[in-house]
Amino acid sequence: ERMRAPGNLWAVLWEGTSALCAAEQRPLFDAAREAHIALEALDASPLPELLSQLCMGAIAHLLDAMARCAAAKLVPRTEERAAQLWEGLRAACGGRGAASDPPSAAAADAFVA
């Protein structure tokens, strides 16, 4: 009902706009611009912080892969050792950043008691 009310802005704009195929429309997202912004942010980041984040992401991925591996359950105390490693790394990195949490619920469930 609201969309059919007289003077509805969306309906007025829709009726007043000419049809234009998607290939001719102005893109809503500029991938090159966003990539440039991301690269500038990386360039401005201190190297130790950048390396810390990259290492934490790689280790989180490794722990996640271990959590999904059936053979990991055969090694005694694997979960406990992985949890200790993860917590030690988090403490060393100050526990900051998006990569400071396991990447999936499977990793969190398997390695955090």
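Participant: Please explain the overall build of the chain as it appears in this structure.
Facilitator: Scanning the chain from N- to C-terminus turns up 5 helices and 0 strands. Reading the chain from its N end, one meets helices and strands in the order α-α-α-α-α. When each of the 113 residues of the chain is scored for burial, the buried share is 17%. Put simply, of all contacts in the chain between residues at least 6 apart along the chain, 67% involve residues at least 24 apart.

Participant: Please clarify how the nonpolar core should be interpreted in this entry.
Facilitator: Most often, soluble globular proteins have nonpolar side chains that are buried together. Residues M56, A60, L63, A82 and W86 constitute the largest nonpolar core, which totals 5 residues. Elements supplying a minimum of two residues to this core: α3 (47-68) and α4 (78-92).

Participant: How should I be thinking about the pattern of salt bridges in this particular structure?
Facilitator: Taken as a whole and judged by the stated rule, the model has 1 salt bridge. A salt bridge links E34 to R33, with the shortest nitrogen-to-oxygen separation between them at 3.1 Å.

Participant: Is there a simple way to think about the packing of α3 against α4 in this case?
Facilitator: Two packed helices can be described by the angle between their axes and the distance between those axes. The geometry of α3 relative to α4 is characterised by a closest axis approach of 11 Å and an angle of 165 degrees between their N-to-C directions. Looking at the two axes, α3 sits roughly antiparallel to α4. For the element pair α3 and α4, the recorded crossing hand is left-handed. Across the interface between the two elements, M56, I59, A60, L63 and M66 of α3 pack against T78, A82, W86, L89 and R90 of α4. A class-by-class count of the residues in the contact of α3 with α4 yields 8 nonpolar, 1 polar and 1 charged.

Participant: Would you explain the packing of aromatic side chains in this entry?
Facilitator: Any aromatic ring pair is given by two values, namely how distant the centres are and how the planes are angled relative to each other. This model, assessed by the stated rule, comprises 1 aromatic pair. Ring centres of W10 and W14 lie 5.4 Å apart, and the angle between their planes is 15 degrees; on these two criteria the pair is classed as stacked. You can see W10 and its partner W14 sitting in helix α1 (residues 9-16), 4 residues apart, about one turn around the helix. Under the relative-accessibility criterion, W14 is labelled exposed at 58%.

Participant: It is not clear to me how the confidence of the model for the chain should be interpreted in this structure. Could you clarify?
Facilitator: Note: predicted coordinates in regions of low pLDDT should not be interpreted at a detailed level. In this model, the chain carries a mean pLDDT of 77, and residues with pLDDT of at least 70 account for 81%. Ranking the helices and strands of the chain by mean pLDDT puts helix α2 (residues 31-44) first, with 94, and helix α5 (residues 105-111) last, with 45. In the predicted structure, residues 97-113 sits below a pLDDT of 50 and forms 35 contacts with residues beyond four places in sequence or in another chain.

Participant: I'm lost on α4 in this one. Help?
Facilitator: Each full turn of the α-helix corresponds to 3.6 residues, which orients residues three or four apart in the same direction. Taking 1.5 Å of rise per residue, the 15 residues of α4 would be expected to cover 21 Å, and the 21 Å separating its terminal C-alpha atoms lies within 8% of that figure. Inspection of α4 places T78, A82, A83 and W86 among the buried residues, and these make up the whole buried set. Each buried residue of α4 sits inside an arc of 125 degrees when the element is viewed along its axis, so together they form one side. Seen from the buried face of α4, the exposed residues on the opposite side, beyond 90 degrees, are A91 and A92.

Parameters at a glance
Residues numbered from 1 in each chain as written. Predicted model: local features only at pLDDT ≥ 70, side-chain atom pairs only at ≥ 80, totals over all residues. Heavy atoms only, no water. Helix = DSSP H or I, 4+ residues; strand = E, 2+ residues; numbered from the N terminus. Buried < 20%, exposed > 50% of the residue type's maximum accessible area, 1.4 Å probe, protein only. Contact = heavy atoms within 4.5 Å. Core = buried A, V, L, I, M, F, W, Y, C linked by side-chain atoms within 4.5 Å. Salt bridge = Lys/Arg side-chain N within 4 Å of Asp/Glu carboxyl O. Axes fitted to C-alpha atoms, helices over the stretch in contact; angles between N-to-C directions. Parallel < 35°, antiparallel > 145°, perpendicular 65-115°, else oblique. Left-handed = near helix turned anticlockwise from the far one by under 90°. Nonpolar A, V, L, I, M, F, W, Y, C, P; charged D, E, K, R; others polar. Phe/Tyr/Trp six-rings, centres within 6.5 Å; stacked < 30°, edge-to-face > 60°. pLDDT = per-residue confidence, 0-100. Expected span 1.5 Å × (residues − 1). Arc of directions from axis to C-beta.

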